[in-house]
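Examination of the molecular architecture
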Amino acid sequence: MAEERFYELIFICRPDTPEAEIDKVVSTLQTIVDEHQGRIEKIDKWGVRRLAYRVDKSREGFFVFLAMYGRQGDMIKELERRLKVSEPVLKYMTVRIDEELKRQNKLVARRERRLARRPRKTPGESATAAS
Amino acid sequence: MAPHTPGHSSHSGRSSGPRTGGDRPRKPRRQYVRRRKVCRFCVDKMDYVDYKNVDLLKTFILDRGKVIPRRITGTCARHQRWLKVAIKRARNIALLPFAAGI
């Protein structure tokens, strides 16, 4: 079994899309994730934002953000295929960030270890230790 | 600290000091301390540069949309590398411009 990977997916809908339509897209994505033994960690609707450049003659877009775990690469393939064919979606992007999060955790852990090893480095504690 | 560049000093001498004869304008030695640039990400102890943090990323691109080189911002090599990736991702999803229309 493949290891678990963490992905972030953002897609942008046309700004005039009714909310119900967006929810429908989200729920189809949800079912795809469920079918592939993934799990959605977070769904966040950012709402209508200005785009930095025009996409399909649109200057604004409704942003939806998803964070999820997945085990099968096919899941992403299917999600992106679905987004590509859905009418209201202007643009989408999936990023795999588990390696970066791992690196971040490592760095945080290292910093904490360092602090623990040399507690007298902090000025407040050294004063109390000396007296 | 930084070497005294002749271009700078001659300019300041002309504007401030009284002009005396001679081939070179006399100038008071301009001593300016160049502020040491520090990496903002290191100061804030950031271990991950998020591509969704548009306000932060915006401070590292020019109005045109280009990435500001690290010799100007003072970002360390590692953080500039992460920043680069974050900016590219943000561009991809229309959070940041590739090139601003001027």
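The structure presented is a predicted model; accordingly, all values stated were derived computationally and were not measured. (Residues numbered from 1 in each chain as written. Chains lettered and ligands numbered in written order. Predicted model: local features only at pLDDT ≥ 70, side-chain atom pairs only at ≥ 80, totals over all residues. Heavy atoms only, no water.)

Observations concerning the overall build of chain A
- When its secondary structure is counted, chain A shows four helices and four strands.
- Every one of the 131 residues in chain A was classed for burial, and the buried ones make up 35%.
- In chain A, the proportion of contacts linking residues at least 24 apart, taken out of those at least 6 apart, comes to 72%.
- Split by element, the accessible area of chain A, about 8300 Å² in all, is 47% carbon and sulfur. (Helix = DSSP H or I, 4+ residues; strand = E, 2+ residues; numbered from the N terminus. Buried < 20%, exposed > 50% of the residue type's maximum accessible area, 1.4 Å probe, protein only. Contact = heavy atoms within 4.5 Å. Areas by Shrake-Rupley, 256 points an atom, 1.4 Å probe, with all protein chains shown as cover.)

Some words on the interface of chain A and chain B
- Between chain A and chain B, the contact holds 24 residues from the first and 17 residues from the second.
- Of the roughly 1900 Å² buried between chain A and chain B on both sides combined, carbon and sulfur atoms contribute 62%.
- Three residues stand out in chain A for area buried against chain B, namely Y53(A), M93(A) and R111(A), and they jointly supply 27% of the buried area on that side.
- Viewed at the interface, chain B and chain A are joined by three salt bridges.
- One salt bridge in this structure joins D47(B) and R111(A), with 3.1 Å as the shortest N-O distance.
- At the boundary of chain A with chain B, the tally comes to nine residue pairs in polar contact (both at pLDDT 80 or more).
- Secondary-structure elements contributing two or more residues to the side of chain A that touches chain B are β1 (5-13), β2 (39-55), β3 (58-70), β4 (89-96) and α3 (98-117) of chain A.
- With seven residues, α3(A) is the single largest residue contributor to the side of chain A that touches chain B. (Buried area = accessible area lost by both parts, 1.4 Å probe. Salt bridge = Lys/Arg side-chain N within 4 Å of Asp/Glu carboxyl O. Polar contact = N/O pair within 3.5 Å; in protein donor to acceptor, adjacent residues only side chain to side chain.)

Considering helix α1 (residues 19-35) of chain A
All names here are of chain A.
- Between the first and last C-alpha of α1 there are 25 Å, a value that for 17 residues agrees with the 24 Å anticipated at 1.5 Å per step.
- Every buried residue of α1 is listed here: I22, V25, V26, L29, I32 and V33. Viewed along the axis of α1, the buried residues span an arc of 115°, placing them on a single side of the element. Summarising the geometry of α1, the exposed residues directed more than 90 degrees from the buried face are A20, K24 and E35. (Expected span 1.5 Å × (residues − 1). Arc of directions from axis to C-beta.)

Brief notes about unusual backbone geometry
- Phi is positive for D56(A), which is not a glycine, with a value near 50°.
- The backbone phi angle of A94(B) is positive, close to 65°, even though this residue is not glycine.
- Mapped onto the secondary structure, A94(B) falls in the segment after α5 (77-92).
- In this structure A94(B) comes out as buried when scored by relative accessible area, which is 0%.

Quick word on the confidence of the model for chain B
All names here are of chain B.
- With 69% of its residues at a pLDDT of 70 or more, chain B shows a mean pLDDT of 78.
- Here residues 1-17 is modelled with pLDDT under 50, and outside its nearest four sequence neighbours on either side it reaches 14 contacts, counting other chains as well.
- Here the prediction assigns the complex a pTM of 0.74, and the interface score ipTM is 0.80. (pLDDT = per-residue confidence, 0-100.)

Let's talk about the pattern of salt bridges
All names here are of chain A.
- Counted under the stated rule, the structure contains 14 salt bridges over all chains.
- Between R5 and E3 there is a salt bridge whose closest N-O contact spans 3.9 Å.
- Across the pair E41 and R39 runs a salt bridge whose closest N-O atoms are separated by 3.8 Å.
- Through salt bridges that share partners, E4, R39, E41 and R71 make up one connected network.

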